[in-house]
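# Overview (structure and organization)
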Amino acid sequence: MTPQLIQPTGAAHTRIYAYGAARGENAIPNEDLIGPIDSSDEWIRQRTGIITRVRAQADTSAIDLAADAAAEAIERSGVPADQIDAVIVATISNPKQTPSVSAIVADRVGANPAAAYDLNAACAGFAYGVAQADALIRAGAAHYAVVIGTEKLSDIVDPTDRSISFLLGDGAGAVVVGPSETPGIGPTIWGSDGSKADAVGMNHTLTEFRDGAAPWPTLRQEGPTVFRWAVWEMVKVARQAIEAAGITPDDLAAFVPHQANMRIIDEFAKQLKLPDSVVIGRDIETTGNTSAASIPLATHRLLEEHPELSGGLALQIGFGAGLVFGAQVVVLP
């Protein structure tokens, strides 16, 4: 007789317990960046809506930011750190190829020996991480998980580049995800379009830099291509996430898109026909575009400024390099 394996099952539902945040120590106004790109404060504000962006000090890493954000989320959640058994970090700015940011952060926050891994889905990374935490807990592979989006994009910026350099900031946002008696995380609509991978990403490889064939790799983007894709294609994904969650736009309390560009955010809201009652995350104005960290940072700020949103539904959608995207509706803690 063939032995029968035990296959675990977990909680029927999950929810986000708490958010945590850490931002770069320095506020960098537009005036500090316009010289190298031969631009103006007015040009940057009109194109992006950014007034200042936060950037970290030279000795602060994406790991440091991640640990600070995770520590706040854990403290606010009420879950003891030693009960966190999965740490998922979304980032494109780990200062080393290995070890993972997640393993170091798990140890720093007291979650050692939690399962820990990094994922690279750029600006969609946080949505991917939440999807995976939800699935791991419902499958019985984890009980409590920390999901972190962390970036120190100032390390991979060319100050003379007019396509993206003035957009980027540094920071980390984190959540604790755990079991719930009622559904707290809706189905994730995710995917990619690698055929347009050159639209936004790194301009060189590390091996080209090592061999002296290229300068230090930095981020670049084809602004018009990314704008059109974000506005028209990602609105379809947002609608799918709303429909999959079994709600309508009128049921939303908040909309928190990736903080890529204020014009994209405003057009997004217009296309979705959101009612005036929906509070929209616009953290980009003073934080900048922090890639994987932008959604949890923006949500953290919304909850600080609008505590009445607690218990309401929020649509979160990330999209970015590699034209990777992910969206889900969540119940705000």
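Residues numbered from 1 in each chain as written. Predicted model: local features only at pLDDT ≥ 70, side-chain atom pairs only at ≥ 80, totals over all residues. Heavy atoms only, no water.

So, on to the pattern of salt bridges. For the coordinates displayed, the defined rule picks out 14 salt bridges. Of the charged contacts, one joins Asp-266 and Arg-282 as a salt bridge, the two residues approaching to 2.8 Å between their closest N and O atoms. Taken together, the positions of Asp-266 in helix α8 (residues 262-272) and Arg-282 in the loop between β12 (279-280) and α9 (284-287) put the pair 16 residues apart, joining distant regions of the chain. Because the salt bridges share partners, they merge into one network encompassing Arg-23, Asp-283 and Arg-301. (Salt bridge = Lys/Arg side-chain N within 4 Å of Asp/Glu carboxyl O. Helix = DSSP H or I, 4+ residues; strand = E, 2+ residues; numbered from the N terminus.)

Right, let's get into the packing of helix α3 (residues 62-77) against helix α4 (residues 101-108). Each packed pair of helices is defined by two parameters, the angle between the axes and the distance between the axes. At a minimum axis separation of 9 Å, α3 and α4 run at an interaxial angle of 45 degrees. When the interaxial angle is binned, α3 and α4 end up oblique. Handedness of the α3/α4 crossing: right-handed. Along its contact with α3, which presents Ile-63, Asp-64, Ala-66, Ala-67 and Ala-70, the element α4 presents Val-101, Ile-104, Val-105 and Arg-108. (Axes fitted to C-alpha atoms, helices over the stretch in contact; angles between N-to-C directions. Parallel < 35°, antiparallel > 145°, perpendicular 65-115°, else oblique. Left-handed = near helix turned anticlockwise from the far one by under 90°. Contact = heavy atoms within 4.5 Å.)

Ordered by their spatial adjacency, five strands build an open sheet running β1-β7-β6-β4-β5, and the pairing between neighbours is mixed. Edge positions in the open sheet fall to β1 (13-23) and β5 (115-119), since each of these has one partner strand only. Taken over all neighbouring pairs, the strand axes of this sheet differ in orientation by 15 degrees on average, direction set aside. Lying on the sheet, α4 is in contact with β4 (86-90), β5 and β6 (145-152); it crosses β5 at an angle near 140 degrees. In this fold helix α5 (residues 125-139) packs onto β1, β4, β5, β6 and β7 (170-180), with an angle of close to 165 degrees to the strand it touches most, β6. (Pairing = 2+ DSSP bridges.)

Take the sheet that holds β12 next. Ordered by their spatial adjacency, five strands build an open sheet running β8-β14-β13-β11-β12, and the pairing between neighbours is mixed. Both edges of this open sheet fall to β8 (189-192) and β12, since each of them pairs with a single strand only. Across eight bridges, the pairing between strand β13 (residues 313-320) and strand β14 (residues 324-331) is antiparallel. Directly across from Leu-313, in β14, lies its bridge partner Val-331.

Here we take up the side chain of Ser-180. Within the secondary structure, Ser-180 is located in strand β7. Reaching out from Ser-180, the side chain makes a polar contact with the backbone oxygen of Thr-182 at a distance of 2.6 Å. Beyond its immediate sequence surroundings of up to four residues, Ser-180 is in contact with His-13, Thr-14 and Arg-15. (Polar contact = N/O pair within 3.5 Å; in protein donor to acceptor, adjacent residues only side chain to side chain.)

Glancing now at helix α2 (residues 41-48). By the burial criterion, the buried members of α2 are Asp-41, Ile-44 and Thr-48. Angular distribution of buried residues about the axis of α2 spans 70 degrees; they occupy a single face of the element. Seen from the buried face of α2, the exposed residues on the opposite side, beyond 90 degrees, are Glu-42 and Gln-46. In the core, the buried residues of α2 are packed alongside α1 (34-37), β3 (52-55), α8 and α9. Once α2 finishes, Gly-49 follows within two positions and takes phi at roughly 80 degrees, a positive value. (Buried < 20%, exposed > 50% of the residue type's maximum accessible area, 1.4 Å probe, protein only. Arc of directions from axis to C-beta.)

What the rule picks out here adds up to seven aromatic pairs. Taking 5.3 Å as the distance between ring centres and 80 degrees as the angle between the ring planes, the aromatic pair formed by Phe-209 and Trp-216 counts as edge-to-face. With a centroid separation of 6.2 Å and an interplanar angle of 75 degrees, the aromatic rings of Trp-229 and Phe-319 are classed as edge-to-face. Taken together, the positions of Trp-229 in helix α7 (residues 223-244) and Phe-319 in strand β13 put the pair 90 residues apart, joining distant regions of the chain. By the burial criterion, Trp-229 is buried, and Phe-319 matches it. Here the guanidinium or amino end of Arg-15 rests over the ring plane of Tyr-17, the centre of that ring lying 3.9 Å away. Cation over ring: Arg-162 sits above Trp-43, and NZ or CZ is 4.6 Å from the ring centre. (Phe/Tyr/Trp six-rings, centres within 6.5 Å; stacked < 30°, edge-to-face > 60°. Lys NZ or Arg CZ within 6 Å of the ring centre and 35° of its normal.)

With that settled, consider unusual backbone geometry. With an omega dihedral of 10 degrees, the bond running from Thr-98 to Pro-99 counts as a cis peptide bond. Relative to the helices and strands, Pro-99 resides in the loop between β4 and α4. For the bond running from Asn-112 to Pro-113, omega is 15 degrees, close enough to zero to count as cis. Tracing the backbone shows Pro-113 in the loop between α4 and β5. The phi dihedral of Ala-122 falls on the positive side, at around 50 degrees, and the residue is not glycine. Along the chain, the position of Ala-122 falls in the loop between β5 and α5. The residue Lys-273 is not glycine, and still its phi comes out positive at about 55 degrees.

Compared with an ideal rise of 1.5 Å per residue, which puts 15 residues at 21 Å, α5 spans 21 Å between its outermost C-alpha atoms and is within 8% of the ideal. All buried positions along α5 are accounted for by Gly-125, Phe-126, Ala-127, Tyr-128, Gly-129, Val-130, Ala-131, Ala-133, Asp-134 and Ile-137. At the exit of α5 stands Gly-140, carrying a positive phi of roughly 85 degrees. (Expected span 1.5 Å × (residues − 1).)

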